[in-house]
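# Per-entry structural report
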Amino acid sequence: MGNLFKKEEAVLLLNKLSDVYDIYAPMVFKGEGCFSDTDSIRYGKITSFDDIVWDKKSDYSFKEVLLPISDTILYFTEKEMKVPDPSEKKRIIFLRSCDLHALKRLDEIYLTNGAEDFYYKRARENTKLILMGCKKSFDSCFCVSMGTNQADNYDAYIKMDKESVYLEPKDEELKTLLEGTESEEASFEIDYVTDNIEKVTIPETLPEGIQDFPLWEEYAGRCVGCGRCNFVCPTCTCFTMQDVFYQDNQKAGERRRVWSSCQVDGFTDMAGNISFRKDQGARMRFKVLHKVYDYKKRFGYHMCVGCGRCEDVCPEYISYLACIHKLGEIKDGGNADE
Amino acid sequence: MDINTKKVKKNAFRISKERGLTASRVRVPGGKCNAKVLGIIKEIAETYGNGNVHLTTRQGFEIEGISLNDMDKVNEMLQPVIEELGINQTNPNTGYPASGTRNVSACIGNRVCPFGNYNTAEFAKRIENAIFPNDLHFKIALTGCANDCIKARMHDFGIIGMTMPQYDPSRCVTCGACVKGCDKLSVKALSKVNDKVVRNEEKCVGCGVCVTKCPTRAFTRSQQKYYRLTIMGRTGKRNPRLGEDFLVWVDEDTIIKVILNTYKFVEKYIDRSAPGGKEHVGYIIDRVGFTEFKKWALDGVELLPETIVNENVYWSGIHYR
Amino acid sequence: MEETQMSNEYIPFLSEIKDVIKHTDIEYTFRMAYVGDVKPGQFFEVSIPKFGEAPISVSGIGEDYVDLTIRRVGKVTNEIFENQVGQTLFMRGPYGNGFDVDLYKGKELIIIAGGTGVSPVKGVIDYFGEHREETAGMTVIAGFKSPKDILFKDSIKRWETQMDLIVTVDKAEEKGYREGMVTAYIPDLNISDLDHVAAIVVGPPIMMKFTVAELMKRGIKEEQIWISQERKMCCGLGKCGHCKMDDTYICLDGPVFNYTKGKKLFD
């Protein structure tokens, strides 16, 4: 059972929610795409339900709301260090099923792999997740193959059409907030995709020595190492630490962590000019095997959620899906190129 | 055969080396046309011409081998082309009313090219509508970015697309793609300071490479579209030369005003006794002086605060005379 | 703030520099005040605010201190070297598993280390040097590039009296030094009971690979060999991802691995 709001009532609802929460959803950033007169669809604070983009996949995922791209973790003055204050408001994030599954991966790394991450945890604890249904599959989605087309770890479900907004709360706090609002009782099934054009079968096992198979070699010449595939991925979590002192006051500075990419130069660089995976073929292999092989070895389920954003964004048309298909063709001890 | 050659030329037909034959010059503003135009060109060429069509450097078709007697019929057949391309016409079915100002040509721009900073054909059509028909000899070209594939700098007015890079440090991951891109492909205006990127505003040519290289949308294009307006580049016998920057970080409306003002300037100063009454705008400025031109060009123009006006412009090139 | 600090692993603590031992022009050991559980081979993130953090492995352990041997190779370590006894550095850790000395008790211990690779294993050498009765034999081979690169000269003097010690340099410009790679000494190692050997190998990746191969030629089994892997680390907490090899986070599961596991790790 949920609440059905007419458009004008939905305005009041959003105002009410905005008193308590910063509300993030995929929205259009006009003219901010890579090329001129193209838009970027990514997460931003919405001021109207109409800001939410439904008819397209967001280019970048929700993860930047919980893990800012460039996140200051300590401020330094001459003698002291200070942890930045948490954001004043709680958050609501509107996201799709695949991204809710990605959230589980973020939780895995930031809450259970080693010590709990202070910054992630304090953001995460104050966040409500509202599931956006998918009426249809987008190009390059393969959520059904990855088992991420349905999710249950959400606090409410939202469905919209031109005239109305339907909100079905599961979370008590949201239920209380919706009480006494101007709305009708209603009930809708959750929209989810049952079939994608793209399908993958990820091999259960890979032969030993897979890292040295020739299938990775072609990527050395094709990949330009821009890191877009990592930055759009909802499950990539790597960061690099940066310390700086301010230009205008050299006595003060900050320590921040900044998104990092295993495809970009410098990812493995250590003091003394030592680095690993120097060519892009090895980096592609590192990424792909992480998504569909070694993460599962460690945590028991695949890292990749099948959103296909990496497939959509690659400027060199390197297809992650095609690579998975090639892995699927490898028979134990065999070789994709044979 | 009694033909007024001046009228023929003005009507966009050529006096050819072969007696009795002409060629019809069809302009395509901005170089963009619907493919159905090609069908009509084909029909004209096969019905009245010798079957050959020359693709001109200014993005037109020259339909060869037409009898001077068939000009009226060709003009009638050209009517749907003129309408499709949105050419300002005085009387329907009479072809082109003027041919002095040349076709406004353009590179493919951001309709297709990833480097293009604006829709070149759309802007070309806007200029077309503002200046045509016109008998004065002006050459204008538009190019999407500082690569200048259309060679706008060899025109009286060269319009080079620019974008003012907008940098959001909170989206920057210090991957260095912009810095490297600017260094390898452009003018090395970016540097890394404190693990973020600093843009040297004086050096930056607004090419947009940083924006296309940025993997996280830390660099985006300005909502305002900017241009570099270069002036008085030319080919020719006496002093071929590249156009020099006149206005940098200028907007579309200003460019149109400056071009229209320049027509007024030419009307005022053109040497009517020159052969055929034709004097090229660049030579007029050589004669009258840049300062006088600038006074006319910027008359009534309100520039954006960020627009840079070059107070003095000096051209070089080769002097054969 | 106090409460926050309790659960925020990224906030470092201040530690006083109790001593600075200079080995070479660019390699010093900083003896840092520290009381708490720590094992040889674990590491701390040492930091200078506004300059950055650097993972440094523990090269010695005392009751109220840890030794951190630091090579001056970049922005952060340059800045660390500006500090003197009595001044303080920021640290967080210790991180990683480190060497468990219990695993080597009663064994014929062979430790082979190259260059700065001596640091993580030095605590093990120190411990068994002091407790020779807990081993059935002890040989240490330490390799350095040249005589001027030799680390822990004072400790080496002591070790010479405590165990079979071979210090070798790739190239000796002066007399009085053994020359050659560490691997060259393996064929002649005295091994009395193969089944009771435990070997530790630490150094650059290529050195570890060839050393392990030589040891196996002597009949030592993979499960009798331990290695320590060094990778880029930003967090030490299993988050930043830089140190991951296959399904393993070096900062959490390593850096010390039995070779049966270590050999399977690929970058």
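Residues numbered from 1 in each chain as written. Chains lettered and ligands numbered in written order. Predicted model: local features only at pLDDT ≥ 70, side-chain atom pairs only at ≥ 80, totals over all residues.

## Topic: the domain arrangement of chain A
Residues and elements named next belong to chain A. Note the following rule: For the purposes of this description, domain bounds are those given by an automatic or database domain assignment. Contacts are defined on C-beta atoms placed from the backbone: any two residues whose C-beta positions lie within 7 Å are in contact. Per the convention used, a helix needs a DSSP run of H or I reaching at least four residues, while a strand needs a run of E reaching at least two, with both numbered from the N terminus. Residue polarity is assigned by list, with Asp, Glu, Lys and Arg as charged and Ala, Val, Leu, Ile, Met, Phe, Trp, Tyr, Cys and Pro as nonpolar; anything else, Gly included, falls into the polar class.
Under the domain assignment used here, chain A contains domain 1 (2–186) and domain 2 (210–329). On a C-alpha basis, the centroid separation for the pair domain 1 and domain 2 is 25 Å. Facing the 33 residues of domain 1 at the interface are 26 residues of domain 2. Where the side of domain 1 that touches domain 2 is concerned, the elements lending two or more residues are strand S4 (70–76), helix H3 (97–112) and helix H5 (143–146). The element best represented in the side of domain 1 that touches domain 2 is H3, accounting for 9 residues. Partitioned by chemical class, the residues of the side of domain 1 that touches domain 2 number 17 nonpolar, 8 polar and 8 charged.

## Focus on the domain arrangement of chain B
All names here are of chain B. You can read the domains of chain B as domain 1 (5–84), domain 2 (105–162 + 225–309) and domain 3 (166–220). The straight-line distance from the C-alpha centre of domain 2 to that of domain 3 is 29 Å. The interface is formed by 7 residues belonging to domain 2 together with 5 residues belonging to domain 3. Along the lines of polarity and charge, the residues of the side of domain 2 that touches domain 3 split into 6 nonpolar, 1 polar and no charged.

## So, the sheet that holds strand S5 (residues 81–82) of chain A
Residues and elements named next belong to chain A. For the record, the criterion: Two strands qualify as a pair provided that DSSP identifies no fewer than 2 bridges between them.
Read across the sheet, 4 strands follow the order S5-S4-S12-S11 without closing on themselves; strand pairing throughout is antiparallel. Looking at the sheet topology across the chains shown, the edges are occupied by S5 and strand S11 (239–245). Pairing of S4 with strand S12 (residues 253–259) involves 6 bridges; the strand directions are antiparallel. Note that in S12 the partner of Asp 71 across the bridge is Arg 257.

## Comments concerning the interface of chain A and chain C
The accessible area lost on association of the parts is a frequent measure of interface size. Every contact between the two is made by 34 residues of chain A and, on the other side, 29 residues of chain C. Mapped by element, the contributors of at least two residues to the side of chain A that touches chain C are S4, H3, S11, S12 and helix H9 (280–299) of chain A. The dominant element in the side of chain A that touches chain C, judged by the number of residues it contributes, is S11 of chain A, at 6 residues. Residues of the side of chain A that touches chain C, tallied by class, amount to 18 nonpolar, 8 polar and 8 charged.

## Quick word on helix H8 (residues 281–288) of chain B
All names here are of chain B. We count it as follows: Residue burial is a threshold on neighbouring C-beta atoms within 10 Å of the residue's own C-beta, all placed from the backbone, with 20 or more meaning buried, 12 or fewer meaning exposed, and counts in between meaning partly exposed. What the arc covers is the set of directions going from the helix axis to the C-beta atoms.
For H8, the set of buried residues is Val 281, Gly 282, Ile 284 and Ile 285. All buried residues of H8 project into a common sector of 160° when viewed along the axis, lining one side. Within two residues after H8, Gly 289 carries a phi angle of roughly 105°, on the positive side.

## Describing the nonpolar core
Using the following cut-off: Here a nonpolar core is just a set of buried residues of the types Ala, Val, Leu, Ile, Met, Phe, Trp, Tyr and Cys, joined wherever their C-beta atoms sit within 7 Å.
One finds Ile 130 and Ile 158 of chain A, Cys 178 of chain B together with Leu 68 of chain C to be the most contacted residues of the largest nonpolar core, which totals 133 residues. Examining the composition of this core, we find that 8 residues originate from one element, H9 of chain A, more than from any other. In this view, Ile 158 of chain A contacts Phe 94, Ile 130, Leu 131, Met 132, Val 165, Tyr 166 and Leu 167 of chain A; residues no more than four positions away in its chain are not counted. Grouped together as the second largest cluster of nonpolar side chains are 60 residues, Ala 124, Met 232, Phe 246 and Trp 249 of chain B included.

## Here's the deal with unusual backbone geometry
Along the chain, Phe 132 of chain B connects to Pro 133 of chain B via a cis peptide bond; the corresponding omega equals -10°. Mapped onto the secondary structure, Pro 133 of chain B falls in the loop between helix H4 (120–131) and strand S5 (140–143). Of note, the amide linkage connecting Gly 93 of chain C to Pro 94 of chain C takes the cis form, showing an omega dihedral of 0°. Assignment of secondary structure puts Pro 94 of chain C in strand S6 (residues 88–95). Residue Asn 194 of chain B is not a glycine yet carries a positive backbone phi of 55°. Looking at Asn 194 of chain B, the number of C-beta atoms within 10 Å reads 17, which means it is partly exposed. If you check the backbone angles, Trp 249 of chain B has positive phi at about 60° while not being a glycine. Along the chain, Trp 249 of chain B turns up in strand S12 (residues 244–250).

## Points about the environment of Gly 219 of chain C
On the secondary structure map, Gly 219 of chain C appears in the loop between helix H5 (205–217) and strand S12 (225–228). In this structure the C-alpha to C-alpha distance between Gly 219 of chain C and Asp 195 of chain C, which are 24 residues apart in sequence, comes to 9.2 Å.

## Quick notes on the interface of chain A and chain B
On the chain B side, the residues contacting the 22 residues of chain A number 26 residues. Counting residues per element, the ones that place at least two in the side of chain A that touches chain B are strand S3 (40–45), helix H8 (228–232), S11 and S12 of chain A. Partitioning the side of chain A that touches chain B into residue classes produces 9 nonpolar, 9 polar and 4 charged.

## Section: the sheet that holds strand S1 (residues 13–22) of chain C
Residue and element names in this part refer to chain C. The condition is simple: For helices, the fitted axis covers only the stretch in contact; all axes are lines through C-alpha atoms, and the angles between them, taken along N-to-C directions, range from 0 to 180 degrees.
A barrel is described by the order of its strands in space; here 6 strands give the closed sequence S1-S2-S5-S4-S3-S6, paired in antiparallel fashion. For this sheet, the mean inter-axis angle between neighbouring strands, taken without regard to orientation, is 45°. Pairing of strand S3 (residues 43–48) with S6 involves 4 bridges; the strand directions are antiparallel. Bridge pairing in S6 links Val 46 to Met 91.

## As for the packing of helix H2 (residues 35–47) of chain B against helix H3 (residues 71–84) of chain B
All names here are of chain B. Keep this limit in mind: For classification, angles of less than 35 degrees are called roughly parallel, those exceeding 145 degrees roughly antiparallel, those between 65 and 115 degrees roughly perpendicular, and all remaining angles oblique.
Packing of H2 against H3 brings their axes to within 10 Å, and their N-to-C directions diverge by 170°. Judged by the inter-axis angle, H2 sits roughly antiparallel to H3. Along the contact surface, H2 presents Val 37, Ile 40, Glu 43 and Ile 44, while H3 presents Val 74, Met 77, Pro 80, Val 81 and Glu 84. Tallied by class, the residues present in the contact of H2 with H3 amount to 7 nonpolar, no polar and 2 charged.

## A closer look at the pairing of S12 of chain C
Residues and elements named next belong to chain C. Selection criterion: When the strands point away from the viewer and the path from the first strand over the helix to the second turns clockwise, the crossover is right-handed.
Residues Ile 225 and Ile 227 line one face of S12 and the alternating positions Trp 226 and Ser 228 line the opposite face, and both faces are buried. Examined bridge by bridge, strand S11 (residues 197–202) and S12 share 4 bridges and lie parallel to one another. Bridging across to S12, Ala 199 finds its partner in Ile 225. Handedness of the β-α-β unit built from S11, H5 and S12 comes out right-handed. Across 3 bridges, S12 lies against strand S15 (residues 256–258) in antiparallel orientation. Bridge pairing in S15 links Trp 226 to Asn 258.

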